[in-house]
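A structural walkthrough
Take a look at the letters that make up each chain.
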Amino acid sequence: MSPARGFALVLAGGEGKRLQPLTADRAKPAVPFGGNFRLVDFALSNLVNAGFFRIAVLTQYKSHSLDRHLATTWRLSPLLGNYVTPVPAQMRRGPRWFAGSADAVYQNLNLIADERPDYVCVFGADHIYRMDPRQMVEQHLDSGAGVTVAAIRVPIEQASEFGVIEPGADGTTIAAFREKPSDPVGLTDAPDQVLVSLGNYVFTTTALAEEVSRDAAVEASRHDLGGDIIPGLVARGAAAVWDFAGSRVPGVSERERGYWRDVGTLDAYFDAHMDLISVVPVFNLYNELWPILTWPEPLPPAKFVLEDPGRTGMAVDSMVCAGVVVSGGVVRRSILSPRVHVHSRALVEDSVLMHDVDIGRGAVVRRAILDKNVQVAEGARVGVESDEDRKRFVVSDGGVVVVGKGVRIAA
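Quick summary incoming for the structure in this document. Along each chain, numbering runs from 1 in the same order as the chain's sequence is written. Only residues with pLDDT of 70 or above have their local features reported here, since the model is predicted, and side-chain atom pairs are shown and tallied only from 80 upward, although totals for entire chains, interfaces and linings are computed over all residues. To get the side-chain values, take all heavy atoms of the structure and skip hydrogens and water.

Once that is clear, we can look at the packing of aromatic side chains. For this analysis, a ring pair means two rings from Phe, Tyr or Trp (six-membered ring only for Trp) whose centres lie within 6.5 Å, classed as stacked if their planes differ by under 30 degrees, edge-to-face if by over 60, and tilted for the remaining angles. In the structure shown here, the tally under the stated rule is eight aromatic pairs. Aromatic side chains F52 and Y119 sit 6.4 Å apart centroid to centroid with 80° between the ring planes, which places their arrangement in the edge-to-face category. Taken as a pair, F52 in the loop between α1 (40-49) and β4 (54-59) and Y119 in strand β6 (residues 119-124) lie far apart in primary sequence, 67 residues in all. When sorted by exposure, F52 lands in the same class as Y119, which is buried. On the basis of an interplanar angle of 70° and a centroid distance of 6.2 Å, the ring pair of W242 and F244 is categorised as edge-to-face. Chaining the aromatic ring pairs together yields one cluster made of F33, F37, F42, Y259, Y269 and F283. In this analysis the charged atom, NZ for Lys or CZ for Arg, is taken to sit over a ring once it is within 6 Å of the ring centre and within 35 degrees of the ring normal. Between the NZ or CZ atom of R130 and the centre of the ring of F283, over which it lies, the distance is 4.8 Å. Put simply, DSSP H or I for four residues or longer makes a helix, DSSP E for two residues or longer makes a strand, and each gets a number counted from the N terminus. Here's how the labels work: a residue is buried when its accessible area is under 20% of the maximum for its type, exposed when over 50%, partly exposed in between, all with a 1.4 Å probe on protein chains only.

A separate point is the environment of W74. Inspection of the secondary structure assignment puts W74 in the loop between α2 (64-73) and β5 (83-88). By relative accessible area, W74 is classed as buried at 5%. A sequence separation of 56 residues divides W74 from R130, and the C-alpha atoms of the two residues are 18 Å apart. In this description, contact between two residues means that some pair of their heavy atoms is separated by no more than 4.5 Å. The contact partners of W74, leaving out residues within four places of it in the chain, are D41, L44, S45, V48, H69, V84 and L293. Counting of polar contacts relies on pairs of N or O atoms within 3.5 Å, with two restrictions inside protein: one atom must be capable of donating a hydrogen and the other of accepting it, and residues adjacent in sequence are counted only when both atoms are side-chain atoms. Polar contacts involving the side chain of W74 include one to the side chain of D41, which spans 2.9 Å.

This part covers the packing of α1 against α2. Axes here mean lines fitted to C-alpha atoms, for a helix over just the part in contact, with angles spanning 0 to 180 degrees between N-to-C directions. Orientation of α1 relative to α2, taken along the N-to-C sense of each, is 35°, at an axis distance of 12 Å. Between α1 and α2 lies a crossing of right-handed hand. Where α1 approaches α2, its residues V40, D41 and L44 are matched on the opposing element by L66, H69 and L70. Residue classes follow a fixed rule: Ala, Val, Leu, Ile, Met, Phe, Trp, Tyr, Cys and Pro count as nonpolar, while Asp, Glu, Lys and Arg count as charged, and any other residue, Gly among them, counts as polar. Residue composition of the contact of α1 with α2, grouped by class: four nonpolar, one polar and one charged. The handedness criterion is simple: a crossing whose near helix is rotated anticlockwise from the far helix by less than a right angle is left-handed, and one whose near helix is rotated clockwise is right-handed.

Bringing the sheet that holds strand β31 (residues 401-403) into the picture now. Strand order in the open sheet formed by six strands is β18-β21-β24-β27-β31-β30, with mixed pairing between adjacent strands. Of all the strands in the sheet, the pair left with one neighbour each is β18 (319-320) and β30 (394-395). At least two DSSP bridges between two strands are required for those strands to pair. Examined bridge by bridge, β30 and β31 share two bridges and lie antiparallel to one another. Its bridge partner being in β31, V395 is matched across the sheet by V401. Against the sheet, helix α8 (residues 266-276) touches β18, β21 (335-336), β24 (352-353), β27 (368-370), β30 and β31, its axis set at about 95° to β27.

Further remarks concern helix α7 (residues 225-235). Counting buried residues along α7, eight of its eleven residues qualify, which places the element largely inside the surrounding structure. Every buried residue belonging to α7 is among L225, G226, G227, I229, I230, G232, L233 and V234, and all of these are buried. Near the N-terminus of α7, the side chain that reaches the backbone nitrogen of G226, with its oxygen 3.2 Å away, is that of D224. The positive-phi residue at the C-terminal boundary of α7 is G237, with phi of around 70°.

These figures capture arrangement, not role.
See the structure below:
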């Protein structure tokens, strides 16, 4: 018997309203992360590292930045029939955009028909994690289920924030799927925890095609995979769950195992960056056995210059990308993306600086996210005076100052 043939769809049409102003000009999956990467790189890296080389990325909102990144970075070998290709909303089913994640799949059933796979991985594009999808696929094929849902354990107190999966007696079938329950039932082996969906699915091809086609005919449906398709399959006894806690990925330490972050808010996005820069990082970008892939620009190495009284170019507990120049300034607990310039006597602490940010002489930046091409004038202050920051910038619930692309900050 020949091995089962797979195909992957990555849902990358997210608008990312809660990440404004970072999503003012780009889709959420295109938001930069960790200096060199985009959010979409994490899902794609997990798939490619696991041997999935035919991947369609479904895009919609403000997709230019994402489309360009996919075209320049994710070029697999066409000689071998491999590809990662962006697929915009094409209105194949009528004059409308995608009405939801299930509708996005429905409008692109032709892609699945062309590939003729036995199963389809449908993954989200905007989470930070490492996962070997082969383990989930293996369980799915063995179970004979129509869909297998990847799930993570969270404290039972958080159940009201998620769609909660109640596993059956065997631990793998889904007995019930409850949206934000007020009376959650803890797991048998961990009564203080519940399973919640990660938004990653493996479908048997026939089940996926039948379910999204059935859903498309229901006018009242939200056309959402998690909200409509999965509950339907659960009701028919055709849904299984894969516990992310059992994930085993090469090079991942016990501390990192099970790490998964939804960076859908500014505070979550900031906190995930801070996870990268601890002495023993909670999420390790230096894992060469399961790398997070991207295409770095051909830039010179980072440079730290000047060592005079009162001005020493240095960075501590930080990640510094290529092309950065720290010229007599001090950087602590921060991430500096390519071509950032920190000038003399400037101070940057607990911050995320994206490409081409320029920090002027004597400026101070604390607990801030500065998007691309932001220029901080000599002597300016960001993240120092809360009341002034709220007048000029977006400030998250957690007090992180966020400055949109290309803003010039005066002293």
